[in-house]
Amino acid sequence: MKYPFKEIEEKWRKRWEDNKTYKTDLTEKEKAIYTLVMFIYPSGSKLHCGHWYNYGPTDSWARLKKLQGYNVFEPMGYDAFGLPAENYAIKTGVHPQDSTFENIKDIRAQLKKMGCMYDWDAELMTCVPEYYKWNQWLFLQMYKKGLAYRKKAPVNWCPDCQTVLANEQVHGEGECERCGTMVEQKNLTQWFLKITDYADELLDGLKTIDWPEKTKVMQEHWIGKSYGAEVKFKLDGREDELTVFTTRPDTLFGATYMVLSPEHPLVEEITIKENLTAVQEYKEKVKSLSEIDRSSTSKEKTGVNTGAFAINPATGKKIPVWIADYVLMTYGTGAIMAVPGQDERDWAFAEQFDLPIIRTVQVPEGWEGKAYTEDGPAINSEFLNGLRVQDAKKKMSDWLVEKGLGESKVNFRLRDWLISRQRYWGTPIPILYCEKCGETPVPEDQLPVELPYKVEFKHDGGSPLASNEGFVNTTCPTCGGPAKRDVDTMDTFVDSSWYYLRYLNPKFIEGAFDTELGKRWTPIDMYVGGAEHATMHLLYARFVHKFLRDQGLVDCDEPFKRLIHQGTITNAGAKMSKSKGNVVNPDGFIEEYGSDVFRMYLMFMGPYELGGDWSDKGIVGVDRFVQRAYAIVKDNKNVMKHGRLKEKFEVAELSDEEKSVYRKVNQTVEKVSYEVEHFHFNTAVAALMELQNELAKNLEECSKEMKAYTLARFVTLLAPLAPHMGEECWQILGNEKGLYDNPVWFEVDAEGLVVDSVTVVVQVNGKVRAKLDLPVDKEQAEVKGLVFANDNVIAHTESKEIIKEIYIKNKIYNIVVKG
RNA sequence: GCGAGAAUGGCGGAAUUGGUAGACGCGCUAGUCUUAGGAACUAGUAUUCGGAAGGAUGUGGGGGUUCGAGUCCCCCUUCUCGCACCA
């Protein structure tokens, strides 16, 4: 009979739900493990292969831990605010709240079919006041500490999403993280969270967490810490100064001109009359340039002379001040000292505009390049001459401090997190503006500031909340006078930066989360999600966690101790997406093979972190495996019921077949435990297939006790990967209690692993010439005779001079000959 | 341009510290059973020479270290990802 997956999967899902098998007792800290996948965005489309690929294997890891006796907490929820629902509303008129709730209903049903051990009592969604109230609370805590502030700044504006974006949300060559549209710059007043206050700690903390190296490198680069100095340059004939940041203070003597970013506030002021038109034209031109044009490294350098001069503080000489688009207002001070001798960009610029070049580092002999950025002795630099770069930097920095011309300075690439969004479907920012008192935070006891249902969704750039008079107009909590609410909402990454704490008790009303549980259950032991969040969600969450720690609300420094990225499943080489129409729908496979087979096939496809191109070619292989496994178990119905189960066998007393089975099953217990633990699901499945091949060959010849011993292990190993089937088989073997209600995991019998004979390969000059089956641990002297008795070995060594013999016990016997 | 990773049969992919390359699965070939099978089972399956025994070649390309290299070192090619004038 074919494995009736449909009935069986339904039967166990119902049983698990009825028994609350996966309800975690969070007060029990003993052997606690918090497993988390990034929560799901409830879009209108169905769960696709990517979701299954993310959630299924992660759940198998959690199930392994559960069977091993850990108290595992694995929740699931909905990242329910966000643009797509709102865009859908603009298109169809269906309110985001209605469509979101509807989608959540569908997705919940689909998630349940996967058969993951989610603790459904911990389910949460971010779009309800019970949740977003605490986003507002979090904002106010930061506000109190001066970490939430408003400023006018050049911000990234996505014309398609009609909203501003944080720096992290601008990708590649300047396109919007969500829609890929080219982002524009606008000068607007917006709310920021001061993530830069934590820059150093965010950087240092990376050393303490078990994350993929490339993700840590990305964050490191994103934070972009660099050591250098700030140097003040007097402007010729003016009172004000220009401050630059440089990582190479040692090259100051070679600074032959300066460059300001076109957006630099002093540009217009210092430009001489004759050059003003050119400068303004250039500024206009830069403004209209796309980010691609401006950031292209290969393009010719452009710029305009302001006509103003600054004084090089080291040489006392007048140097010209230019503006150029290669200097960015958002990095450093928006101004640089140009040292063409030691900087490639400056060299290119100097060449372009015929500006002087002075080398201040001796180039090595035979150097034919242009700018020289490596180490070497200083030249043309008076008191620095002869010093290597490191020492020259130090000496120059000291000199600058002494003369009051500058100071050592650490600079970061990391910018503050812009959280205002000119959109409706998000958390209202709990700030109001009073005519008398000005910017006023909403008192905590008046939270939540509820998102009104009735607004107009227009795709025209204004915040939709502005259209609801009842929302906008309010009274000032300080003076009672009329006030207006902030009509922007928060970036949804605020929601996801602390949700893992809310899971611990989503109904908690006394605070954002139960701090007692928060302290017990963080950091999260295993976090699994896409690599695309490397510098957004995963950075924000670390920041917020550290902030909460400083508030005394959690104890640990990092939220996610161990992180794994699932690979991407592509289709015909392309990322699956609705717009490309290449999304593979899992439903058909679930229908045909069941969810256990489908998730096991996803695991079997290849290394979890690599992903791969979708193909259904091999799924029949996994299905056959499951069918055979089921048949073997059925043939041995109730085998665990009769008599006491043996925990260990004396290998010496076993028949050859039993010995073979006994060894294989113990090897498999060891292998599967290790591989699943390390997210190597493909090899875990392969190991189980190997065991099954062994069972097909030899199980019939085994004693009943051995059959019970073996099948008990086979089924428990199978259970994390194919949970419904594991339970069913466990029951067929004669167990009354469910496997996940009464977790069982078997220890390896080390003696069962011991092999008594090994194949030793005999090589002559590194080529395999014979294979000998020998008892283990034979000494060379004992093996030698056998080796040289082998016909093929004789044929290859005869009449040749033996130079050397290498023997590695139980492995290899290599003979080196000459002639 | 810089940084990281990858390249193994017809295909997806295995391979502790260097020690039998190709586990496991798909596909394919032959056979068994069957009214039939795109079912199930059994055997085979890197390439190549050979009737066989056995030999030669083989982990993107080239060099090196070693008794021995998919694995370590150097150079190159291709692909994927990330960053992109960061001062």
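Residue numbering note: each chain is counted from 1, following its sequence as written. Here every chain gets a letter starting at A, and every ligand a number starting at 1, in the order they are written. Local features in this predicted model are restricted to residues of pLDDT 70 or higher, and side-chain atom pairs are both shown and tallied only at a pLDDT of 80 or more, whereas totals for entire chains, interfaces and linings draw on every residue. Calculated side-chain values reflect all of the structure's heavy atoms, with hydrogen atoms and water omitted.

Peer 1: What's the story with the overall build of chain A in this structure? I'm lost.
Peer 2: A count of helical and extended segments in chain A gives 26 helices and 32 strands. Considering only C-alpha atoms, chain A reaches an extent of 100 × 85 × 45 Å along its principal axes. For every residue, the accessible area (1.4 Å probe, protein chains only) is compared with the maximum for its type, and the residue is labelled buried under 20%, exposed over 50%, or partly exposed between those bounds. Per-residue burial for chain A yields a buried fraction of 54% across its 819 residues. Carbon and sulfur atoms provide 49% of the accessible area of chain A, an area that totals close to 36,500 Å². Strands are runs of DSSP state E lasting at least two residues, helices are runs of H or I lasting at least four, and both sets are numbered from the N terminus onward. All accessible areas in this document rest on Shrake-Rupley with a 1.4 Å probe, and a residue is counted as covered only by the protein chains that are shown.

Peer 1: Would you mind going over the packing of helix 20 (residues 656-677) against helix 22 (residues 704-718) with me for this structure?
Peer 2: In a packed pair of helices, the relevant descriptors are the angle between the two axes and the axis-to-axis distance. Fitted lines through C-alpha atoms give the axes, limited to the stretch in contact for helices. The angle between two N-to-C directions lies from 0 to 180 degrees. Two elements in contact, helix 20 and helix 22, have axes separated by 10 Å at closest approach and are oriented at 20°. Here helix 20 is positioned roughly parallel relative to helix 22, judged by the angle of their axes. As for the relative orientation of helix 20 and helix 22, their crossing is left-handed in sense. Across from E658, V661, Y662, V665, N666, T668, V669 and V672 in helix 20, the residues of helix 22 making contact are M706, Y709, T710, R713 and L717. Residues of the contact of helix 20 with helix 22, tallied by class, amount to eight nonpolar, three polar and two charged. By definition in this entry, angles of less than 35 degrees are roughly parallel, angles greater than 145 are roughly antiparallel, angles of 65 to 115 are roughly perpendicular, and the rest are oblique. Whether a crossing is left-handed or right-handed is set by the direction in which the near helix is turned from the far one by less than a right angle, anticlockwise for left-handed and clockwise for right-handed. Residues count as neighbours in contact if any of their non-hydrogen atoms are within 4.5 Å of one another. Any residue outside Ala, Val, Leu, Ile, Met, Phe, Trp, Tyr, Cys, Pro, Asp, Glu, Lys and Arg is labelled polar, Gly included; the first ten of those are nonpolar and the last four are charged.

Peer 1: I'm lost on the side chain of T716 in this one. Help?
Peer 2: Examined against the element boundaries, T716 turns out to sit in helix 22. Classification of T716 as buried rests on a relative accessible area of 1%.

Peer 1: Could you clarify how one ought to interpret the sheet that holds strand 24 (residues 526-528) in this entry?
Peer 2: Sheet strands associate in pairs through backbone hydrogen bonding, adopting either a parallel or an antiparallel arrangement. Note on pairing: two strands pair once DSSP finds at least 2 bridges between them. In space, the four strands of this open sheet follow the order 2-1-24-25, with parallel pairing throughout. The two strands at the open ends of the sheet, each matched to only one other strand, are strand 2 (71-73) and strand 25 (563-564). Across two bridges, the pairing between strand 24 and strand 25 is parallel. When the bridges of strand 25 are listed, V528 appears paired with I564. On the sheet, helix 2 (residues 49-67) packs against strand 1 (32-37), strand 2 and strand 24 and is oriented at approximately 175° with respect to strand 1.

Peer 1: Hey, could you run me through the pattern of salt bridges in this one?
Peer 2: The term salt bridge refers to a pairing of a side-chain nitrogen on Lys or Arg with a carboxyl oxygen on Asp or Glu at a separation within 4 Å. Counted by the stated rule, this structure contains 46 salt bridges. Here E269 ties to R238 by a salt bridge, and the two come within 3.1 Å at their closest N and O atoms. Of this pair, E269 sits in helix 8 (residues 267-270) while R238 sits in the loop between strand 10 (226-235) and strand 11 (241-246), placing them 31 residues apart in sequence. Given the relative accessible area of 29%, R238 is considered partly exposed. A salt bridge links E736 to K641; its shortest N-O distance comes to 3.8 Å. Of this pair, E736 sits in the loop between helix 23 (723-732) and helix 24 (750-753) while K641 sits in the loop between helix 19 (619-635) and helix 20, placing them 95 residues apart in sequence. With a relative accessible area of 61%, E736 lands in the exposed category. When salt bridges that share partners are traced, they join E201, R542, K546, R549, D550, D557 and E558 into one network.

Peer 1: So what exactly am I meant to see when it comes to the packing of helix 3 (residues 83-92) against helix 4 (residues 96-114) here?
Peer 2: The N-to-C vectors of helix 3 and helix 4 enclose an angle of 120°; their axes lie 9 Å apart at closest approach. Considering their axes alone, helix 3 and helix 4 lie oblique with respect to each other. When you trace helix 3 past helix 4, the crossing you get is right-handed. Across from A85, E86, Y88 and A89 in helix 3, the residues of helix 4 making contact are P96, S99 and T100. Here the contact of helix 3 with helix 4 is built from residues that sort into four nonpolar, two polar and one charged.

Peer 1: Help me understand the nonpolar core in this model?
Peer 2: Generally speaking, a soluble globular protein has its nonpolar side chains buried in company with each other. In these notes, a set of buried Ala, Val, Leu, Ile, Met, Phe, Trp, Tyr and Cys residues joined through side-chain atoms within 4.5 Å is what counts as a nonpolar core. Ranked by size, the top nonpolar core spans 192 residues in total, and within it F139, W417, L548 and W614 carry the most contacts. Here this core gets nine residues from one element, more than from any other, and that element is helix 22. Grouped together as the second largest cluster of nonpolar side chains are 43 residues, F233, V244, L252 and V267 included.

Peer 1: Could you clarify how one ought to interpret the packing of aromatic side chains in this entry?
Peer 2: Working definition: an aromatic ring pair is given by the centre-to-centre distance plus the angle between the planes. Think of it this way: a Phe, Tyr or Trp ring, Trp meaning its six-membered ring, pairs with another when their centres are within 6.5 Å, and the plane angle makes it stacked under 30 degrees, edge-to-face over 60, tilted otherwise. The full count for this structure, using the stated rule, is 49 aromatic pairs. Pairing W61 with F679 gives two aromatic rings, centres 6.1 Å apart and planes at 35°, and the pair type is tilted. One end of the pair, W61, is in helix 2; the other, F679, is in the loop between helix 20 and helix 21 (681-698), and 618 residues separate them in sequence. Residues W322 and F353 carry aromatic rings whose centres are separated by 4.7 Å and whose planes lie at 45° to one another, so their mutual orientation is tilted. In this pair, W322 is assigned in strand 14 (residues 318-323) and F353 in helix 11 (residues 344-353), connecting sequence segments 31 residues apart. Looking at F353, the relative accessible area reads 24%, which means it is partly exposed. Each residue in the set F39, Y499, Y500, Y503, Y527 and F560 is aromatic and connected to the rest through ring pairs, giving one cluster.

Peer 1: What exactly am I supposed to notice about the environment of A686 here?
Peer 2: In this structure, A686 sits in helix 21. When the C-alpha atoms of A686 and F604 are compared, they prove to be 7.6 Å apart, with 82 residues separating the residues in sequence.

Peer 1: Just to check I follow, could you spell out the confidence of the model for chain A for this structure?
Peer 2: Do not read the predicted coordinates in detail wherever pLDDT is low. Think of pLDDT as the predictor's per-residue confidence, scored from 0 to 100. Per-chain confidence: chain A averages 92 in pLDDT, with 98% of residues scoring 70 or above. The ipTM for the predicted assembly is 0.94, set against a pTM of 0.94.

Peer 1: Teacher, can you tell me more about unusual backbone geometry here?
Peer 2: Leaving glycine out, the prevailing phi sign among residues is negative, and the prevailing peptide bond configuration is trans. With an omega of 0°, the peptide bond between L447 and P448 qualifies as cis. For P448, the location among the structural elements is in the loop between strand 20 (438-441) and helix 13 (469-472). Following T522, the chain continues into P523 via a peptide bond in cis, with omega recorded as 0°. Along the polypeptide, P523 turns up in the loop between helix 15 (515-521) and strand 24. For D777, which is not a glycine, the phi torsion comes out positive at approximately 60°. Relative to the elements of secondary structure, D777 occurs in the loop between strand 30 (767-775) and helix 25 (780-789).

Peer 1: Just checking my understanding: could you explain the pairing of strand 14 for this structure?
Peer 2: With five of six residues buried, strand 14 lies mostly within the body of the structure. As paired strands, strand 12 (residues 257-260) and strand 14 are joined by three bridges and run parallel to one another. The residue bridging V259 from the neighbouring strand is W322, located in strand 14. Examined bridge by bridge, strand 13 (residues 304-311) and strand 14 share five bridges and lie antiparallel to one another. Paired with F309 across the bridge in strand 14 is P320.

Peer 1: What am I meant to see in the sheet that holds strand 28 (residues 612-613) here?
Peer 2: If you trace the three strands from one edge of the open sheet to the other, you get 27-26-28, paired in mixed fashion. Both outer strands of the open sheet, strand 27 (574-575) and strand 28, are each paired with one neighbouring strand and no more. With two bridges joining them, strand 26 (residues 569-571) and strand 27 adopt antiparallel strand pairing. Each residue of the ladder has a partner; that of T570, found in strand 27, is K575.

Peer 1: Is there a simple way to explain the pairing of strand 11 in this structure?
Peer 2: Strand residues, when the strand is regular, have side chains that alternate between the two faces of the sheet. Of the pairings in the sheet, the one linking strand 10 to strand 11 comprises six bridges and is antiparallel in character. Bridging from a neighbouring strand, E230 pairs with F245 of strand 11. Here strand 10 hands over to strand 11 after five residues, with G237 in that stretch at a positive phi of 75°.

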